[in-house]
Amino acid sequence: AQKVTQAQTEISVVEKEDVTLDCVYETRDTTYYLFWYKQPPSGELVFLIRRNSFDEQNEISGRYSWNFQKSTSSFNFTITASQVVDSAVYFCALSAYNNNDMRFGAGTRLTVKP
Amino acid sequence: EAGVAQSPRYKIIEKRQSVAFWCNPISGHATLYWYQQILGQGPKLLIQFQNNGVVDDSQLPKDRFSAERLKGVDSTLKIQPAKLEDSAVYLCASSAGLAGTPYEQYFGPGTRLTVT
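This is a predicted model, so every value here is computed, not measured. (Residues numbered from 1 in each chain as written. Chains lettered and ligands numbered in written order. Predicted model: local features only at pLDDT ≥ 70, side-chain atom pairs only at ≥ 80, totals over all residues. Heavy atoms only, no water.)

Novice: Explanation requested: the overall build of chain B in the structure shown.
Specialist: Counting secondary structure elements, chain B contains 0 helices and 11 strands. The secondary structure elements of chain B, listed N-terminal to C-terminal, are β-β-β-β-β-β-β-β-β-β-β. Relative to a compact globule of 116 residues, whose C-alpha radius of gyration would be 13 Å, chain B shows 13 Å and is just as compact. Taking the principal axes of the C-alpha coordinates as reference, chain B spans close to 40 × 25 × 25 Å. Summing over all exposed atoms, chain B offers an accessible surface of approximately 5,600 Å²; the carbon and sulfur share of this is 50%. (Helix = DSSP H or I, 4+ residues; strand = E, 2+ residues; numbered from the N terminus. Rg over C-alpha atoms; globule rule 2.2 N^0.38 Å. Areas by Shrake-Rupley, 256 points an atom, 1.4 Å probe, with all protein chains shown as cover.)

Shown next as structure tokens:
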């Protein structure tokens, strides 16, 4: 069974602080994909990143970075120097290689205060 | 490139009534998904189409939910009759990848359904 756990329900930070969103997953598959999506107040989920299970390199994209550790089944997301526009609900998701039944975590609501 | 379009954006109905949602995916995307997102939870897949064929509808409550994707483009999701627990946001997504390939999915703005 596939499962994604985002233990942090809500996080509140002040602008310019760094913040890390945790994601822990469970799967029996050896090949799988992990995703992060952002859901702003408008409601539309925005794709941020996809990572396959064979690529444990950390990735950085501007103020965003992702840390994938298979040993701890985690795929954490860090926002550096947070901005008010980063306020949203962030979802981590898991998909087996041979299907597109993406399992989402419950999400973490991030509020960045000015 | 136009994104995924959905309508209506909001719908309020009474229990036991019927309702339909419409989705127009990104042009050329073969795979289309419908998700249900209950408040405070992550989206849950209801049904997946590849072109006009159903790939996976294992989580669709078939006694009351139905979906179709005629001509492999637009799709409609129907609920008949609605129950209070159907109150949720219904999200449509599309993907350039074929079913079975974990390409990123592009989501529409969703339809917020309230059943009273």
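Novice: Is there a simple way to think about the pairing of strand S8 (residues 75-79) of chain B in this case?
Specialist: The two faces of a sheet get side chains in turn, since along a regular strand they alternate between them. All names here are of chain B. Along S8, the buried face is formed by Ser75, Leu77 and Ile79; none of Thr76 and Lys78, which line the opposite face, is buried. In the sheet, strand S3 (residues 19-24) pairs with S8 via 5 bridges, with the strands oriented antiparallel. Bridged to Ala20 within S8 is Lys78. Where strand S7 (residues 65-68) and S8 come together, 4 bridges link them in antiparallel fashion. For Ala67, the partnering residue across the bridge sits in S8 and is Leu77. The turn joining S7 and S8, which pair antiparallel and follow one another in sequence, is formed by 6 residues; a positive phi near 65 degrees is taken by Lys71. (Buried < 20%, exposed > 50% of the residue type's maximum accessible area, 1.4 Å probe, protein only. Pairing = 2+ DSSP bridges.)

Novice: I would appreciate a short explanation of the interface of chain B and chain A in the present structure.
Specialist: Much of the literature gives interface size as the accessible area that the parts lose upon coming together. Taken together, the contact pairs 24 residues of chain B with 23 residues of chain A. In this structure, the salt-bridge partner of A:Arg50 is B:Glu104, at a minimum N-O distance of 3.9 Å. Every element with two or more residues in the side of chain B that touches chain A is listed here: strand S4 (31-37), strand S5 (44-50) and strand S9 (88-95) of chain B. Considering each element in turn, the side of chain B that touches chain A owes the most residues, 3 residues, to S4(B). Partitioning the side of chain B that touches chain A into residue classes produces 10 nonpolar, 11 polar and 3 charged. (Contact = heavy atoms within 4.5 Å. Salt bridge = Lys/Arg side-chain N within 4 Å of Asp/Glu carboxyl O. Nonpolar A, V, L, I, M, F, W, Y, C, P; charged D, E, K, R; others polar.)

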